[in-house]
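# Structural features, examined
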Amino acid sequence: MSDVRSLLLVGVGGQGVILAGTIVASACLRAGMDVKKSEVHGMAQRGGAVYSHIRYGPRVHSPLVEEGGADVLVAFEWAEGLRWLPYLRDGGVLIINTEAVVPPAACRDRRGWTPGYPEVDVARLRGRAGEVLACNARALARRLKHQKVANTILLGVLASRLDLPDAAWQEAIAATVPASTVEINLRAYQEGRRLTFPRDTAPVDGSRRPVQARPSSRDGATAFLIDVVDGWCKGCDICVRVCPEHCLRLNGRERVEVIDAAACTGCRLCEWLCPDFAIAVRGVAPVLPDTARRTE
Amino acid sequence: MSAGDRAVPPEVSLLQGNQACARGAIAAGCRFFAGYPITPSSEIAEAMAALLPRMGGVFIQMEDEIASLAAVIGASLGGMKAMTATSGPGFSLMQEHVGFACHAEIPCVIVDVMRGGPSTGLPTSPSQADVMQARWGTHGDHPAVVLAPASSQEVFDLTVGAFNLAEQLRTPVILLYDEVIAHLRERVVMPPAGGLPVQQRRRPAGSVEAYRPYAAADGKIPPLAEFGTGYRFHVTGLAHDERGFPTQDPAVIGSMQRRVQGKAERHRRLLPPAERLLMDDAEIAVFAYGIAGRAAREAVRAARAQGIKAGFFRPRALWPFPDDEVCAVAAHVRAVVVAEMNLGQMIHEVARASRGQAEVVGCLRADGEPIAPEEILAAVETASRRGAGAGTSHG
Amino acid sequence: MPADHRTASEYRRYLRQEMMPHILCPGCGHGIVLGALLRALAGRGVDPDQVAMVAGIGCSSRLVGYVDFCTLHTTHGRAPAFATGLKLARPELAVIVLTGDGDGLAIGGNHLIHAARRNIGLLCVLFNNQVYGMTGGQLAPTTPSFQRTATTPYGNLEPAFDACRLLTAAGATFVARGMTLAPVPLQDIMAQALAHKGFAFVEVLTECPEYYGRYNRLGTGAEMLLAQGRLPEAVADRLARKTFLPVREEGAGAAAGGQVRPGLAFGILHREERPELTEALRAASGGARG
């Protein structure tokens, strides 16, 4: 049994967990191992919990990793990582993405940045795993100008801690990802493999509270308040794209925030085209700057 | 229609089973019928189409049986007592919504007039081959309340009973009879309005905010608000919590499943009693239901005339199955003859409930013809001749 | 444009805020459609106690869990039949059916056309995202020819339904098509549909970036939404063979208030007066009693 390695890949729908699991299994086969894999992807919607059990070695009987049995836990999403932590064996390796994806379907109590969602705080993981490798894979992927390869970066990190030959990984990646993305995925894999830890994992953006822009009153006419319900925003970018005055942007957490409230003309396109009811534009009577402050 | 000081006498009519069903539904307060024509149940729809508009009720012929039961459930949620009627092929189509009504706990009555099957089978001939479909036809665990009348009078009475059970238990109730009873004309005595026990569903009395459509306090059936009365709530076929919203919490789902599945079992006292005849000293019991029960009753009398100690047991509620009663019957007889118009469905339940205390033998027929008393008598005679056979564990 | 900005967000009171955020994917257009409907209801000052929303199975149907009305989430395709029973029992309620293109036009097609034929007073909003989203992006009866889905990996060989023409032929007395990119005309269509006596059908083109968009390389939800502004061209570029949806030759879209785009009919496409079923029944029932 001891020559069988147990891996657990966990995340949420849309992160490429299943694809990553397929690559790992393929790399194991290419390295001449017996491998078994079992996966669950829940609701079809993006955001449902997804996990993949993988066990490999000279001879493997069951794909299922038991609680306390995983040699390596790869968490593509922060809260999922915490949830699955009991599956890691004593002294096991935790590879965790500090990116938080609030799964809209899975848990209402994990609404973004409300008290229910666990704070992204790597320091708290100390002592809960033999080795903690935490990084913001999405931010790293963005540096490669290709957001979708965050999963491959994490695979690179995983490869650095497993005993499979580099060639097996590269062949597996090349054979699994879409042909047009082989090159960028291989770069992402190398990037992950070379990463050194610990890394700076501070949130890119510090804002935690629902954003309320101050009313604008540029010309003494009606002013507008843009209310953003942070926990409902899924970062689809629609409001940012349709705002004629460029009042909005997505922040580092992929949530919308108001950057220029004064420019808002109250056209409400952002509100009407937000599929998640996360924006409301309110008109307020012309106000002086100091009374505006009091209304906040 | 006031009768002054004198009580209104009951109405006595010669009615087909199907007509008696419609009259019973009206007497029970049914004010909505949705259905789709199918032999041999169509007379129920025709009678309801004539009766309901006069009562301020609604009749609608839907595009198929799936839609019929859907409309019935919708109307029930709107506060009306509602019913549909069909036969085997249509009953198969309805199974999707039998499950929905069980799971969402919507009271309604479904009549299945059994004809020969499977598939299109024998549209104009009787059968009793839907008894297992009535129990297990829809997918998933669910409660089943199924009544089986054996005469026009009983069709009338049990239709009223079916509505009462549906309203009290907040669940669909299935009335199961066959083509012979559907078309047989018999004397039916119908009490005047007010002369029948008519039950209404529990409606919430508390605040709108506190209403929990699926919370059963002290094992009681949760009250059901009707749509449009200020209680805004959610009804879904997904696994749901006490408020009716989808959940994936295993603890919540498990207790909800057990509560809903167990509803009928916990309220057996509300079910109509079985008919028992000459059972006190019986050595051979005949178990039969519906139309086969009528032949069985005659067979038992004939057997007694020959000196065979035969008795008769006819459940009026097939589901939940009368386990304890059948067990008690089996404890006091040598053999139980199960007479049914199928190739063996309830006989397995009888054998299970008998727990090996008595021999269980079948008198089965599935050719579109009703079972004759002579066939059952022959089975009783055979069982009697075999003497104290296997399985007689009592002294 | 709503004039009073202080009350313009009134429609949010119809949301079950404690249930939000809803389960639909980032960039999915369904929420935009719901928003337009809720604003139309708010614009008419509708009492939420007098609204029942009935839905089938699918992404769009899940929206009924998030609105604070009496809500009935039924079985796949059957919502019009449930709604028919409910409306007959309680004609005074505004009964609104939410359905998707698979729910309403494939498995539930029969129920939909018969509800239209009866001219029962329901508003049916059909969310057309051209694909089965909830089950993972399979072929829908509205998937345009040659497009890819999870079950048409080599392209769809079947033609698509034109839901509005189908429902007009079936007897719907109010038929309209809107799109998510144009929320103001959409809200106006919804308001007129709500005011209509009889069966009102509103089809809305919406986006499934997660499956349909991904399989057909149509970009993000935002990109798909913006692409609605150049529907025929954008798709003609990709297909070079067929238009995005069947072309309606006669300029019927000009009939009322909506916007017309080359090759696609938008706006109110059909409207007629015919007795509404519950009213007809009430009248006939009075006769039967008398």
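Presented here is a report on the structure given in the accompanying data block. Worth saying up front: this structure is predicted, and the values here are computed from it rather than measured.

## Some thoughts on the packing of helix α10 (residues 290–305) of chain B against helix α13 (residues 373–385) of chain B
Residue and element names in this part refer to chain B. Close contact between α10 and α13 brings their axes to 8 Å; oriented N to C, the two are set at 50°. Accordingly, the angle class assigned to the pair α10 and α13 is oblique. Of the two possible hands of crossing, α10 and α13 adopt the one that is right-handed. Note on element contacts: α13 touches α10 through Pro-373, Ile-376, Leu-377 and Val-380, opposite Ala-295, Ala-296, Glu-298, Ala-299, Ala-302 and Ala-303. Classifying every residue of the contact of α10 with α13 gives 9 nonpolar, no polar and 1 charged.

## Brief notes about the interface of chain C and chain A
Of the residues lining the interface, 30 residues belong to chain C; the matching set on chain A comes to 24 residues. When residues of the side of chain C that touches chain A are traced back to their parent elements, those giving at least two are α1 (30–43) and α8 (221–227) of chain C. Grouping the amino acids of the side of chain C that touches chain A by side-chain chemistry returns 14 nonpolar, 13 polar and 3 charged.

## Some points on the packing of α1 of chain C against helix α6 (residues 183–195) of chain C
Residue and element names in this part refer to chain C. Two numbers describe how α1 lies on α6: the axes approach to 8 Å, and their chain directions differ by 50°. For the element pair α1 / α6, the angle class is oblique. The handedness of the crossing between α1 and α6 comes out as right-handed. From α1, Ile-32, Gly-35, Ala-36, Leu-37, Arg-39, Ala-40, Leu-41 and Gly-43 reach across to α6, where they touch Pro-183, Leu-186, Gln-187, Met-190, Ala-191 and Leu-194. Here the contact of α1 with α6 is built from residues that sort into 10 nonpolar, 3 polar and 1 charged.

## Re the interface of chain C and chain B
Contact with chain C, which involves 34 residues of that partner, is made by 37 residues of chain B. For the side of chain C that touches chain B, the elements supplying multiple residues, two or more each, are β2 (70–73), α2 (79–89), α4 (109–118) and α10 (277–289) of chain C. For the side of chain C that touches chain B, a count of residues per class yields 16 nonpolar, 12 polar and 6 charged. Looking at chain direction, strand β10 (residues 234–236) of chain B and β2 of chain C are connected through 3 bridges and run parallel. What sits directly across from His-234 of chain B, in β2 of chain C, is Thr-71 of chain C.

Reading the values: rules and limits
Each chain has its residues counted from 1, following the order in which its sequence is written. Each chain takes a letter, starting from A, and each ligand takes a number, starting from 1, following the order in which they are written. Note on the predicted model: pLDDT of at least 70 is required for a residue's local features to be given, and 80 or more for side-chain atom pairs to be given and counted; whole-chain, interface and lining totals, by contrast, use all residues. Axes here mean lines fitted to C-alpha atoms, for a helix over just the part in contact, with angles spanning 0 to 180 degrees between N-to-C directions. Under the DSSP-based scheme used, a helix requires at least four consecutive residues in state H or I and a strand at least two consecutive residues in state E, with every element numbered from the N terminus. Each angle gets one of four labels, with under 35 degrees taken as roughly parallel, over 145 as roughly antiparallel, 65 to 115 as roughly perpendicular, and the rest as oblique. For any helix crossing, the convention is left-handed if the near helix is rotated counterclockwise from the far helix by under a right angle, and right-handed if that rotation is clockwise. In this description, any two residues whose backbone-derived C-beta atoms lie within 7 Å of each other are considered to be in contact. Gly is put with the polar residues, along with every residue not named as nonpolar or charged; the nonpolar set is Ala, Val, Leu, Ile, Met, Phe, Trp, Tyr, Cys and Pro, and the charged set is Asp, Glu, Lys and Arg. The pairing criterion is simple: DSSP has to find at least two bridges between the two strands.

The values are spatial; any link to function lies outside them.
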